[in-house]
Amino acid sequence: MIIQKIGVVGAGHMGCGIAGAFASSGYDVTLMDVDTKALAQATGNIALQLDEIAAREETEERRGAGAHIRMTPNLTDLGSSDLIVEAATENEHLKHKIFADLTPHLKSETILTSNTSSFSITRMAGVTDRPEQFMGLHFMNPVPSTKLVELIRGIATSRETFETIRSVVQRLGKTVVELEDYPGFAVHRIMISMINEAVYTLHEGVGSVIDIDTSMRMGAKHPMGPLELADFIGLDTCLAIMNSLRDGLADTKYRPCPLLVKYVEAGWLGRKVGRGFYDYRGKVPVPSR
């Protein structure tokens, strides 16, 4: 199947990055979100992203990429897409509803994918009429500068679907890893577990926020500390992934740290709200503990 028209569901940080990546590679993109304010913000965010890519790569094709994107608040406007990428909030019930509502309006050959970082691809495929044309397409944050993409097979995903999406991702200039449908896949199963252990280390008083982050930056050569990384990802997202790992793998080693739960309950979700393991409301981030 020839893929040219891309539908992206969700105009948040990830959705904007994904839409921009496809547009800058010559695909025609329709970005959908029920929140018209999010769509208005997405227009400016994607324009900045595409300008940065064009300046870095110095190509005329990149400079005209913005013309390949249109915005819509209507899910039905994605009906003519060759490929759908769902990038909504990491809430499994919401994702299931999106696919159930979307499926009746699609062409029979349209391929469906989810950018979920932890939920079952097989389970999501089951709410559609085309499980063989459904798979996981997990971009890493931030999308423009992170080359890795996880491709995840559901139990019913056909080889033709998988190879088609592999070709699409390679056209984006990304590196593919092939994974099976287990909670958290590879990157988040390992990374979020590390973050959870860092929160336990903080919770137990082993070290302060600064001590723990400095230890991993300088001792393990990580580009940012695990608590800083948690704030960047969003503590609610980290908690959702830990719960998915615990429920899906039935192993107590994936129990979320109680301190992580408390931060989420307090609404301290990280950078996106100005407060998490660091307080970002001043000129310089200040550790919360």
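Residues numbered from 1 in each chain as written. Predicted model: local features only at pLDDT ≥ 70, side-chain atom pairs only at ≥ 80, totals over all residues. Heavy atoms only, no water.

Looking at an unreviewed UniProt entry, one finds the protein named 3-hydroxybutyryl-CoA dehydrogenase and attributed to Rhizobium grahamii CCGE 502.

How do you make sense of helix 6 (residues 159-171) when you look at a structure like this?
An α-helix turns once per 3.6 residues; consequently, residues spaced three or four apart project the same way. A rise of 1.5 Å per residue sets the reference length of helix 6, with its 13 residues, at 18 Å; its end C-alpha atoms lie 18 Å apart and thus fit the reference within 8%. Buried residues of helix 6: Thr161, Phe162, Thr164, Ile165, Arg166, Val168 and Val169, and no others. On its buried face, helix 6 is in contact with helix 1 (13-23), strand 4 (83-86), strand 5 (111-114), strand 6 (134-139), strand 7 (148-153) and strand 8 (175-180). Count one or two residues on from helix 6 and you reach Gly173, which has phi positive near 80°. (Helix = DSSP H or I, 4+ residues; strand = E, 2+ residues; numbered from the N terminus. Expected span 1.5 Å × (residues − 1). Buried < 20%, exposed > 50% of the residue type's maximum accessible area, 1.4 Å probe, protein only. Contact = heavy atoms within 4.5 Å.)

Explain the domain arrangement of the protein here, please?
The figure often quoted for interface size is the accessible area lost as the parts come together. In terms of domains, the protein is made up of domain 1 (5-180) and domain 2 (187-287). If you average the C-alpha positions of domain 1 and of domain 2, the two centres end up 27 Å apart. Listed as interface residues are ten residues of domain 1 and, on the opposing side, six residues of domain 2. In total, about 660 Å² of surface goes out of reach between domain 1 and domain 2, with carbon and sulfur atoms giving 64% of it. Of the residues assigned to the side of domain 1 that touches domain 2, the class counts are four nonpolar, four polar and two charged. (Domains from an automatic or database assignment. Buried area = accessible area lost by both parts, 1.4 Å probe. Nonpolar A, V, L, I, M, F, W, Y, C, P; charged D, E, K, R; others polar.)

Teacher, can you tell me more about the pattern of salt bridges here?
Close approach of charged atoms allows side chains with opposite charge to pair. Evaluated as defined, the whole model comprises 15 salt bridges. A salt bridge links Asp129 to Arg130, with the nearest nitrogen and oxygen atoms 2.8 Å apart. We classify Asp129 as exposed; its relative accessible area is 52%. A salt bridge links Arg166 to Glu178; its shortest N-O distance comes to 2.5 Å. Note that Arg166 is positioned in helix 6 and Glu178 in strand 8, a separation of twelve residues in sequence. Given the relative accessible area of 39%, Glu178 is considered partly exposed. Here the salt bridges share partners, and the residues they tie into one network are Arg153, Arg159, Glu163, Arg166, Glu178 and Glu180. (Salt bridge = Lys/Arg side-chain N within 4 Å of Asp/Glu carboxyl O.)

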